[in-house]
Structure formats: structure tokens, C-alpha cells
Number of protein chains: 2
Amino acid sequence: MPRIAIDAMGGDHGLSVTLPAALAVLPRHPDLHLVLVGDAARIEAALVRELSSGSPLRQRLSVQHASEVVEMHDPVAVALRNKKDSSMRVALNMVKAGDVAACVSAGNTGALMAVSRFVLKTLPGIERPAIVTALPTQEGHVHMLDLGANVDCEPLHLEQFALMGSIVAEVLDDNPRPRVALLNIGEEEIKGNEVIKQTHAVLQERQQALHMNYIGYVEGDGVFRGDADVVVCDGFVGNVALKTTEGVARLMAHMLKQQIGRTWYTKILALFALPIFLGLRKRMDPGRYNGASLVGLNGIVVKSHGGADVPSFAAAIDVAVKAVGQNIPAIVRERLQALI
Amino acid sequence: MPRIAIDAMGGDHGLSVTLPAALAVLPRHPDLHLVLVGDAARIEAALVRELSSGSPLRQRLSVQHASEVVEMHDPVAVALRNKKDSSMRVALNMVKAGDVAACVSAGNTGALMAVSRFVLKTLPGIERPAIVTALPTQEGHVHMLDLGANVDCEPLHLEQFALMGSIVAEVLDDNPRPRVALLNIGEEEIKGNEVIKQTHAVLQERQQALHMNYIGYVEGDGVFRGDADVVVCDGFVGNVALKTTEGVARLMAHMLKQQIGRTWYTKILALFALPIFLGLRKRMDPGRYNGASLVGLNGIVVKSHGGADVPSFAAAIDVAVKAVGQNIPAIVRERLQALI
């Protein structure tokens, strides 16, 4: 029976999103137990409001008190040093102690990354954890990292991201030789900045030693064409690319709506094609892809979009449930030990 | 009667795209004269093949010989020092000499940027030119720069891009106070890398002196929501964002096609909604947005996507025709003089 801690106070909306999401997820996983971490009085009150008395779901929820909250604008130092009883920190402590198998938070990325690293420590051989998620492509999906945990990266960090991404793709997709690529602005070797060029040289040289299938550079459009199974970049570029993806998807949905609403004639035509539009909307919905894993830590931490709504935060909890089953940290640790 | 030089040999496809595109554009602009720059024998032979003898279009085309071609993989140094008679260089020389009002090239970005800067020089007060284009948003469009000319940028460069972008938006959109934003990975001041933070401080301090309406940070999703009129970033991040946009647009089109092709039922439904799909495809087509301007130079240079097809390269020539009418370089120069 997997137990997962939810940072119930984190994110832009806190309890008003995390609690309904937890309640939505429980029926999907009959064995799951969730621990709601945060202001116990507020959580208990919300549970009374949201759950009918005697609901069997109540047995699969517990509440763990934490007196503080890491706000979305809190600097990393505040989260680390001043808020030692934050819902984020307490949830991570439970992972560390083995009370739960994973933690899900919509709290601010910098803080989640720093506190996770402080509490759980990185795996031996890994300097910095990275945020990784699967994005849809024309061929299936691609694992992209880092998506915002590390703003400035050295070649060594990117090399470690490449290795971790390769292992993640291998395990999750059952793919013995995932194609690992470096995100760049041109496929030619002359382009790119210094860090990218140096990383490229390192990966070309060390790919055999690392048992990695490094295929060179990929551009932003190639990511979505399915040119690689793993795409590596620094957290600044990765986060811009991720948010751009969301923005473009929303723009397309908006344009489609406008296109349909243009005249009464197009509105009627759209009714006929409703099943197509609904199917497309489902596939295009950025919320569906919410829930990114922090890899490189001694434990499973899933980061949700700060502004996630109920279905998206529920999707992030689903990611954590799946991750518990896969136990990536143990596999990455094992592989690293074999390499070092 | 505007005269525009076309780097006829540039890009992935060279003459096979540039010549048909030139022929497609001429009927749209009755006063336009195009100068095809490149291997004169090959261009003349292609003209004989593509144009019926006695076609009136022939009068509005001239050929300027250039014996060399900057290849897509040529390093900047080769383009600058070894290929002094390249079609790119000769076309830019014609801009410099005043023989033509603008130049369009699908040649490699680094080379086009370096040769343009060498031949035309930057405007007084501008250290580096930037690539700018208008991207669609939910509200209309946004001018984004730099899109790939400058891989590593200092705060001073980003400040100059902000200023040029603001002037471009003001002139092109007749917008007296365009909202200028800096692309970042979080709206909070604590996020972002050092260059971004420093640029933010400089722009906050100098926006009044520069007559600029700086509104702070914007994230990748905000760009397409229409949160700003001008978005500033370095060329690496900007190029990744641009290519990501193209990639996501193509992915959506692909998903829509799959959604339609799923069953015979959805195929029939799609027939009913065809006008909607065609309208959407037209608005989503990345080729429609081809043609980005190099700003900050003493002259008008339009960069086309290297892999552009005939309609996209034609769109880039259209951008140049429009730019000649607006004469942005003269306006930017005038504004800079007033500021310095």
C-alpha cells in the first residue's frame, strides 16, 4: 500500500486545490494512502466540508501538521533556514524517514529543489538534481531535463542530466538504447554557446563509458518531431521551452475557438465535428502533462505547476503513484555505482 | 519603385526555392523590382525554365553575379574572410551602396549576422544587431528579440535590444507606449540568472530616460497570452523558444490529423468542419510567420528560415517589402541620436 505525502499548503491555490485533487485521486488507486501535510486545523475543517461523514476515503487520508508555509515568492534562503516547519519541509522529512514513498508539491521550484536537496541529499556521483518530465511528440513522447531547477549549469551538470535522463527513459519506456540529445540552436557544430559546445565534446567522448546513446544536437522543433528520446538543457532554457509549449498549446486552443465562433455557420459545422475537437482538446491540454520528477535525489519528489488546478494537481499525484511503482532513485543509484 | 536583393543561393534549398518565391511575390507588389544575386549562369538558365518567354515579370527581375556561396555549415570566419564574392556578401554590398533598399537571405544565421555587421555596420550606440520577428498571441502579436543572432549577451546588449524592440513596436503597430518585458523563468524577482537580474535592474532604472515602458518579467506562456508587446531575451533562449513554437504548432497539426483519421466516422465529421480546419491551419502555419528583421544595422536585412519552402520564402520577401516602406533603420537611428 503506497503512502504519499502531499504538500497541502503549496502552490498558488494551496488547500483549495490540493485537497480536492487528493480526493479525486484516491478512487483511481484503491491501495493508495495520502498524507496531507500542513495546517492541521484548516485541513481537518476542509475535510469535514468536502467529505460526507463516514466516507470510506477518510480512512485512506491522514493529516500531518506543519505550522509554516513556503510562499511562492519566498527566497530559497527563507525556505531553507527560516521555515523549518513548513508543509514542504515536513513532507520531505517524511520521505527521508521512510514514512512515505514519495512527496508531491506545487510549491516554488527554487525552494522545493533546495529543501529536497538539503533533506534527501543527492545520489552518490550526482551534484545537482534536475526536473524531468515527458512531453508529447509526433512519435510518442520525449523526456526533457532540466526544466527549471538549475538556472546556470556547467558541462558536468549537463553530463549528469544526460546520464540520468537516459536511465529514466530506459526504465520508464523499456527502451534499451534511448537516443540522448543536447538542445541547441543549430545542428551544426559551430553553433551554440560555450557550455553547450563543451558538453557536446564531453558526451561524445564519454558516451561509451557511460553506456549512453548520445546522438548530438537537437533544435526546439526537433524535440516535438520526436528526434530524440531524451533532451538535455539547462534549467533556464528548459523552463522557457516548457512554458512556451504551454503557451502555444493555449494559443492554438484559443485560435480554434475563435475559428469556430466566427459565424453561425462555423458554429453549426463545429457541432458536427465535436468528437474531433474534444479528442484534440484532451490531447492538447497542458494540465494532462503536469507532474515533473526531481531526479538525482535519495527519494521520489514530484513537482506540480504552481498554478495547477484540481485535475492538473491530481495528474501530478498520479505521476507520483507511478514513480513509486518504478522506483527510479534506486535504479539510478545502482547504475551510478556500476559506472563510478 | 523599391528594389530588393535576394540572396538566391542561400538556405537549405538555394535557387530551387528562392527563384520560384521571387516569381510568386512579384505579382503581389506591382512596383517591386527584385535583384537575384548568385551564379548568373544558373539563375539565367532557371529563369528560362521557370518563366514563359516574353513574361512581363522578366522586366522586374535582374541578375547580379556572385561566384561563391556561404554554405549552411560554413563557420562565420569562412563567410567573412574566405568568401568575399558570396551571394550573401554581394547582396549586402548592394544594400550598402544604395543599389537596393533591402536584402533577403535564408543563409546561415551566424554568417548573415557577421557579414551584415561587417558590411553595413551597426547604428551609432548599438553594439550588436538582433533578430526580431512578430509572433501571434491571443491578443494580436508580440515582437520578440533576439532570436538567434547573439548567443551570449551582456545586460548592455539586452538593454539595447529592449530599446530597439520598443521603437519597432511603436512604429509598426502605431502603439505609443509598447509594453516591454524581459523573458524569465518566473515573475518573482528572485528567479532568473545573473544577466537577467542585472538587465532587469538597469531597465527599471533607465526606462524613463530611454522613453520606454518596461513592465518587468514575462514567462514563456505569458508571451503567447499577450502579456507584453515586446519580449527581450538572448539569442540562444529566443531561438529555442521560436523553434519550440514551430515544433508545437506542427505537433498540434499532426495530432489534429490523427484525431480526424482515427475512424471513418471522424473522417466524415471532419469533412463538415473543413472550413474551420482550413482556417485554423492557415493561422497556425509557421511558414506564415517567416521573415525576421535584423535590427540595429545601417540598412534593412531580412533573415528567412534556412529550410523555408517557396511560400515561406515568399513571406520573407513580403516582410522586406513592408520594411522598406517603414524604414525602421532611419527611425531607430533618429531616436538613438535624441537619446544619446
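On the surface, Trp264, Tyr265, Ile268 and Phe272 of chain A together with Trp264, Tyr265, Ile268 and Phe272 of chain B cluster together to form a nonpolar patch covering roughly 950 Å² of accessible area. Mapped by element, the contributors of at least two residues to the nonpolar patch are α10 (264-272) of chain A together with α10 (264-272) of chain B.

Bringing the sheet that holds strand β11 (residues 300-303) of chain A into the picture now. Residues and elements named next belong to chain A. With respect to topology, eleven strands assemble into an open sheet ordered β3-β2-β1-β4-β11-β10-β5-β6-β9-β7-β8, the strand pairing being mixed. Looking at which strands have only one partner, the edges of the open sheet turn out to be β3 (61-65) and β8 (213-218). Adjacent strand axes in the sheet meet at a mean angle of 25° when their direction is disregarded. Alignment of strand β5 (residues 130-136) against strand β6 (residues 141-145), held across five bridges, turns out to be antiparallel. Following the sheet pairing, leucine 135 is matched in β6 by valine 142.

Another point: the interface of chain B and chain A. Contact residues are listed per partner, giving 58 residues for chain B and 57 residues for chain A. Together, the buried faces of chain B and chain A total about 5300 Å²; carbon and sulfur atoms form 73% of this surface. The largest share of the area that chain B buries against chain A comes from Ile185, Phe236 and Ile276 of chain B, three residues that together contribute 13% of it. Counting across the interface, chain B meets chain A through two salt bridges. A salt bridge links lysine 243 of chain B to glutamate 219 of chain A; its shortest N-O distance comes to 2.3 Å.

Once that is clear, we can look at the relation of the copies chain B and chain A. Note: a rotation about an axis with an accompanying shift along it relates these two copies of the chain. With an RMSD of 0.0 Å, the operation that places chain B on chain A is a rotation of 180° combined with a shift of 0.0 Å along the axis. Look at the turn and shift together and you get a two-fold axis relating the two. Residue by residue, 98% of the interface of chain B is reproduced at the interface of chain A, so both copies engage with the same surface.

Next up on the list: the pairing of strand β5 (residues 130-136) of chain B. Note on strand geometry: in a regular strand, side chains alternate between the two faces of the sheet. All names here are of chain B. Burial analysis of β5 places six of its seven residues in the buried class, the great majority of the element. The pairing of β5 with strand β10 (residues 292-295) spans three bridges and is antiparallel. By the bridge assignment for β10, isoleucine 131 is matched with leucine 294. Connecting β5 to the antiparallel partner strand β6 (residues 141-145) that follows it, the hairpin turn spans four residues, and glycine 140 within it adopts a positive phi of roughly 155°.

Residues and elements named next belong to chain B. End to end, helix α6 (residues 155-173) covers 26 Å across 19 residues, agreeing with the expected 27 Å (1.5 Å per residue, within 8%). Summarising burial for α6: 14 of the 19 residues are buried, a large majority. At the exit of α6 stands aspartate 174, carrying a positive phi of roughly 55°.

Cut-offs used in this document
- Residues numbered from 1 in each chain as written.
- Chains lettered and ligands numbered in written order.
- Predicted model: local features only at pLDDT ≥ 70, side-chain atom pairs only at ≥ 80, totals over all residues.
- Heavy atoms only, no water.
- Patch = residues over 30% accessible without salt bridge, like charges linked within 9 Å, V, L, I, M, F, W, Y side chains within 5 Å.
- Areas by Shrake-Rupley, 256 points an atom, 1.4 Å probe, with all protein chains shown as cover.
- Salt bridge = Lys/Arg side-chain N within 4 Å of Asp/Glu carboxyl O.
- Helix = DSSP H or I, 4+ residues; strand = E, 2+ residues; numbered from the N terminus.
- Pairing = 2+ DSSP bridges.
- Axes fitted to C-alpha atoms, helices over the stretch in contact; angles between N-to-C directions.
- Contact = heavy atoms within 4.5 Å.
- Buried area = accessible area lost by both parts, 1.4 Å probe.
- Least-squares fit on C-alpha atoms with pLDDT ≥ 70 in both.
- Buried < 20%, exposed > 50% of the residue type's maximum accessible area, 1.4 Å probe, protein only.
- Expected span 1.5 Å × (residues − 1).

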